[in-house]
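Residues per chain are reported as follows:
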Amino acid sequence: AVKDSGRAGYLWYSESIHAARKRRLTIENYLPQAIDHNELLLHYQPKWDLKRNEMTGVEALLRWNHSQLGAVPPSEFIPIAESSGLITVIGDWILRSVCRQYKEWQISVPGNTWSIAVNISGMQLLEPDFVERVRTMIEEEEVEPSRIEFEVTESFAITNFVEVSRVLMQLSELGILISIDDFGAGYSSLKYLCKLPIQIMKIDKSLVEQVYESVSHQVVLSSVIDMAHQLGLIVVAEGVETEEQLRFLRDQGCDRIQGYLVGRPVSAERIVKKDFAI
Ligand code: C2E
Ligand code: MG
Ligand code: MG
Ligand code: MG
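Worth saying up front: this structure is predicted, and the values here are computed from it rather than measured. (Residues numbered from 1 in each chain as written. Chains lettered and ligands numbered in written order. Predicted model: local features only at pLDDT ≥ 70, side-chain atom pairs only at ≥ 80, totals over all residues. Heavy atoms only, no water.)

Enquirer: How should I be thinking about the packing of helix H3 (residues 87-108) against helix H5 (residues 130-141) in this particular structure?
Expert: Helix-helix packing: each pair is described by the crossing angle between the helix axes and the interaxial distance. Between H3 and H5, the shortest axis-to-axis distance is 10 Å and the interhelical angle comes to 25°. When the interaxial angle is binned, H3 and H5 end up roughly parallel. The chirality of how H3 crosses H5 is right-handed. Contact with H3, carried on its side by Thr88, Asp92, Leu95, Arg96, Cys99, Arg100 and Lys103, involves Phe130, Arg133, Val134, Met137, Glu140 and Glu141 of H5 and no other residues of that element. (Axes fitted to C-alpha atoms, helices over the stretch in contact; angles between N-to-C directions. Helix = DSSP H or I, 4+ residues; strand = E, 2+ residues; numbered from the N terminus. Parallel < 35°, antiparallel > 145°, perpendicular 65-115°, else oblique. Left-handed = near helix turned anticlockwise from the far one by under 90°. Contact = heavy atoms within 4.5 Å.)

Next up, the structure:
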């Protein structure tokens, strides 16, 4: 019986590897046409400012709807876009779309001051002409750079510290704000963190969701907020889902929150109508 279950387990394992490989190949096959076929779309998730008690910006999140595959999550296709090199083209499409959305809101929403955050893949940051392309796009689309935030994951910034900090410095000189995304999700190197040219820290949802598990989780979260403030950073908590988490974050002086408690990522039209509640 032991032998049998071992063999069944092996078969299951090899079949699931086979299925995963097939799925990956299918995505690699379909992804290059996603832009031309109009299958990519940006959704926007509100960022709520706890001091001003209003939505002060959004984060753009990429969506891919394929006729046969349905909705493919970014956590699945972004890594494939990175390893295939397609992220350059897709990343440019995202940036261009964000600039156009900015302009559209400037017209359709009177007195609009929302910032738009966009996730930047590490591969994009390392493209030799990335900063130049961003500069050109911002000029062509007449976007105020201080209303654009680039979110860069902590793990990528730390493991490629020298190159990344140089590029982030150049982007900062253009006037773009830089956020460190998913802070606390991986190995945090505080030595590097305080040397990166960043203005905003986004605390990963894993730190937020554990806050009522124990006092020590609360100590970690409140210490991270204090540290970020002492480094002069704006603090955003990600993945806020409950009133308890909100209360704790407010008490600790967290500046902004993002999460299902405030709103899900929705279409640009629904952002304007404030139609993002759960
Ligand atoms: P991220 O930048 O950390 O984005 C936050 C993710 O958490 C989003 O997932 C969002 O929908 C989800 N989220 C927001 N609030 C909550 C909450 O209260 N609870 C929970 N459980 N989740 C919440 P999404 O849209 O699936 O994106 C996943 C990741 O994919 C992003 O993590 C980002 O790393 C990447 N990604 C998404 N869009 C883009 C893009 O345009 N470009 C690049 N390079 N990466 C992107
Ligand atoms: Mg992000
Ligand atoms: Mg994040
Ligand atoms: Mg993430």
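Enquirer: Teacher, can you tell me more about the pairing of strand E7 (residues 200-203) here?
Expert: A regular strand carries its side chains on alternate faces of the sheet. Neither face of E7 is open: one carries Ile200 and Lys202, the other Met201 and Ile203, and all of them are buried. Two strands pair when backbone bridges link them, and strand E6 (residues 177-183) and E7 are joined in this way by three bridges, in the parallel orientation. Residue pairing for E7: Ile180 is matched across the bridge by Met201. Alignment of E7 against strand E8 (residues 234-237), held across four bridges, turns out to be parallel. Note on E8: the bridge partner recorded for Ile203 is Ala237. (Buried < 20%, exposed > 50% of the residue type's maximum accessible area, 1.4 Å probe, protein only. Pairing = 2+ DSSP bridges.)

Enquirer: Would you mind showing me how to read the coordination of the magnesium ion (ligand 2) here?
Expert: Those donors, Glu59 (OE), Asn119 (OD1), Glu151 (OE) and Asp181 (OD), are the protein atoms that reach the magnesium ion (ligand 2), and they lie 2.0 to 2.2 Å from it. Motif for the magnesium ion (ligand 2), donor spacing along one chain: E-x59-N-x31-E-x29-D. Taken as a pair, the magnesium ion (ligand 2) and the magnesium ion (ligand 3) show a spacing of 4.1 Å, with Asp181 coordinating each metal. Placement of Glu59 in strand E2 (residues 54-66) and of Glu151 in strand E5 (residues 148-153) is noted, with a sequence separation of 92 residues between them. In this structure Glu59 comes out as buried when scored by relative accessible area, which is 4%. (Donors = N, O, S within 2.8 Å, 3.2 Å for Na, K, Ca; no water.)

Purely spatial values, then, with no claim about function.
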